[in-house]
Amino acid sequence: MNRYESAKEIYKSFGIDTEEAIKKLNETMISVHCWQGDDVVGFDSPSALSGGIQTTGNYPGKATTPEELMQDIEKAFSLIPGKKKLNLHASYAIFEDGEFVDRDKLEPKHFKKWVQFAKSHGWALDFNPTLFSHSMVKDNLTLSSPDKETREFWINHCKQCIKISEYFATQTGVPCVMNIWIPDGLKDIPADRFTPRKRFKDSLDEILSVPYDKSKVYITLESKVFGIGLESYTVGSAEFSLSYSTYKGITPLMDNGHYHPTEMVSDKISSLLLFHDKIALHITRPVRWDSDHVILLDDETKEIAKEIIRNDALDRVLIATDYFDASINRISAWVTGLRNLHKALLFALLQPNDMLKKLQDENNFTDLMIIQEALKTAPLGDVWDEYLKRQGLDNCYAEDIKKYEKQVLCVRNRE
Ligand code: RNT
Ligand code: ZN
C-alpha cells in the first residue's frame, strides 16, 4: 500500500473521506496579492510606501517593471496549487506611450495589459483602490480628511476603481472583489473621533451612489486598529467597518493583522457569517504588530481554516492573502505562504467536524480533546503530497526557485 492509500485508511477510521477533501480543495479559489513581488511599490507614483504599512528587508531581485512583476507572478503561480485569482492594486496601472493620469482619472484601459495577462492564464482578477503612497494623502488622511479637495480626489479615485472592477469582471467572467482600505488615523490622542468617521461615512456614501452591477463587483471594507505613526486612532476601525457594511449591504473584510494581539479573527468569523451573506478575509501573519510576515501552518491559520470549513462557508468567505516580506526570496515568500494556506484548508477538510460538534453538545470534552489531539499527528502530509502530485507539483520547489533567482532575479538591472 502506498503512503496515500494508507493515509486514506487512517482518515477513514475517523469517518473522513480524503477524496472528498481533495476535491473541495481543488475547487477553492484563493485571491493572491500581486504586491509580494515588489514590496507594495506599484508603478504609478514615485512616493515611498506610506499609510502606516511597511516592508522590511532588502533581498535582491524585486520586480520594478510590469514585465518583471508579471514574470515573477508566472513563476510563483506555477508553483502554487489550486484555483487562483490575481489581486491588483490601482497603483499597478500600466501607462503606455508616455501617457500618465493621476489616480482620480484611472480608467479600465490602464489595466488592459493585466487583463490580457490574467486571461492568457485563465485567472480571474480582484482589485483595490490605492489610498496610500501618494502626494494627495494629506496628513495621513484620505476619505476622512477635513480638506474637501483631498476627499474629492479619493472619492473620484474609488469611483473610477468601481468601473475598473466591473471591467475585470466582464472580461474574466468572474465577479471582482473590490476592497477599500484607508490608512486614515492619528499618531496621538484625538480631540475628535466622531467627525473624521462621519466624513469617512459620507465619502463612502458618495462612492457607493455610483450605480454598479452588484452581481459583478463585490465591494468590501477592511478595518484596522492601528498603523505605524497612526498608533492612537484609526478612522476605519472594526466597529466602523462592520456597522458600515451592514448599513450599506457591502461585505466586511477582516485582515488578521488588524486587531489587538490577543484578538483572533478565527473567533470572529462565525459571528459575521450569521449576519452577512458574504465575508472577506486578508490572511497574513502578524508578529507583534501588523508585520505581514509570510503565512505559516500555524495555529491561527488552521483555526481560521477550520471556521470556514466546519461552517460550510467556502462559497461565502472570499479568501485573499496579504503579506509582504522583502527579507527572503519573494517568489518563495509567495509560494510558501500560499501553500501553507492551502495546507491549513486541507487540515480543516480532514477533521470529522460533525462528530466533534456532537461531542461538544454532549459535553464530552474528554473525548473531544483526545480526538482533536490525535488528528494533529494524523498523516496530513501524505494527503498533501497526493494533492500536489495530482496537479503536477511536489514539495521540492526550493531548487527551482534558486535557479530562477540565479538566472532571472540576480541579473536584473539595478542602479
Ligand atoms: C494594510 C492593509 C491593506 C494593504 C494592502 C496593500 O494594513 O492590510 O490591505 O496591506 O492593500
Ligand atoms: Zn489587508
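In case you missed it, the structure is sitting above this.
For clarity, every value in this text was computed on a predicted model and none was experimentally measured. (Residues numbered from 1 in each chain as written. Chains lettered and ligands numbered in written order. Predicted model: local features only at pLDDT ≥ 70, side-chain atom pairs only at ≥ 80, totals over all residues. Heavy atoms only, no water.)

Things to note about the coordination of the zinc ion (ligand 2)
Under the convention used in this document: Each metal site is built from N, O and S donor atoms within 2.8 Å (3.2 Å for Na, K and Ca), and since water is not included, such sites may look incomplete. A four-donor site is called tetrahedral if each angle lies between 85 and 135 degrees; a four-donor site is square planar, and a six-donor site octahedral, when trans pairs exceed 155 degrees and the remaining angles lie between 65 and 115; all other cases are labelled irregular. Numbering of helices and strands starts at the N terminus; helices are DSSP runs of H or I of at least 4 residues and strands are runs of E of at least 2.
Surrounding the zinc ion (ligand 2) are the protein donor atoms E222 (OE), D255 (OD), H282 (ND1) and D322 (OD), at 2.1 to 2.2 Å. One can describe the donor arrangement at the zinc ion (ligand 2) as octahedral, given that its six donor atoms subtend angles of 70 to 169° at the metal. Between the donor residues of the zinc ion (ligand 2), the gaps in sequence give the motif E-x32-D-x26-H-x39-D. Within this pair, whereas E222 is found in strand β6 (residues 217-222), its partner D255 is found in strand β8 (residues 251-255), the two being separated by 33 residues in sequence.

Describing the pattern of salt bridges
Worth spelling out the cut-off: Basic side-chain nitrogens of Lys or Arg form a salt bridge, by our definition, when they fall within 4 Å of a carboxyl oxygen of Asp or Glu. The rule is simple: take the accessible area with a 1.4 Å probe, protein chains only, and divide by the maximum for that residue type; under 20% is buried, over 50% is exposed, in between is partly exposed.
Tallied over the entire structure, the rule returns 26 salt bridges. Where R412 meets D72, a salt bridge forms, and the shortest distance between an N and an O atom there is 2.7 Å. Of this pair, R412 sits in the segment after α14 (398-407) while D72 sits in helix α3 (residues 66-79), and the two are 340 residues apart along the sequence. A residue is classified by how much of its surface remains accessible, and R412, at 9% relative accessible area, is buried. We classify D72 as buried; its relative accessible area is 2%. Here K201 makes a salt bridge to D205, at a shortest N to O gap of 3.1 Å.

With respect to α3
Two residues of an α-helix separated by three or four positions point the same way, owing to the 3.6 residues in each turn. The criterion, for reference: Any helix carries an expected span of 1.5 Å times its number of residues minus one. Every residue pair with non-hydrogen atoms within 4.5 Å of one another is taken to be in contact.
Compared with an ideal rise of 1.5 Å per residue, which puts 14 residues at 20 Å, α3 spans 20 Å between its outermost C-alpha atoms and is within 8% of the ideal. Across the 14 residues of α3, ten count as buried, placing the element largely inside the fold. Every buried residue of α3 is listed here: P66, E68, L69, M70, D72, I73, K75, A76, F77 and L79. Buried residues belonging to α3 abut β1 (29-33), β2 (83-89), α4 (112-121), α10 (330-349) and α14.

Describing α14
Worth spelling out the cut-off: Directions pointing from the helix axis toward each C-beta atom define the arc.
Listing the buried residues of α14 in full gives I401, Y404 and E405. Projected onto a plane normal to the axis of α14, the buried residues spread over an arc of 100° and lie on a single side. In α14, the exposed positions that point more than 90 degrees away from the buried face belong to E399, K402, K403, K406 and Q407. Residues of α14 that are buried in the fold lie against α3 and α10.

Description of the site of ligand 1
Definition in use: If a single non-hydrogen atom of a residue is within 4 Å of a molecule or strand, that residue counts as near it. N or O atoms within 3.5 Å of each other form a polar contact, as long as, within protein, one can give a hydrogen and the other can take it, and as long as residues adjacent in sequence are counted only when both atoms are side-chain atoms. Each accessible area is a Shrake-Rupley result for a 1.4 Å probe, and residues are judged covered by the shown protein chains and nothing else. Amino acid classes used here: Ala, Val, Leu, Ile, Met, Phe, Trp, Tyr, Cys and Pro are nonpolar; Asp, Glu, Lys and Arg are charged; the rest, including Gly, are polar.
The environment of ligand 1 is formed by 14 residues, the closest being H89, E222, K224, H258 and D322. Here an oxygen atom of ligand 1 and a side-chain polar atom of H89 are 2.7 Å apart. Within the side chain of D290, a nitrogen or oxygen atom sits 3.3 Å from an oxygen atom of ligand 1. When isolated, ligand 1 has an accessible area of 300 Å², and the protein chains bury 99% of it. Residues that form the shell around ligand 1 fall into these classes: six nonpolar, three polar and five charged.

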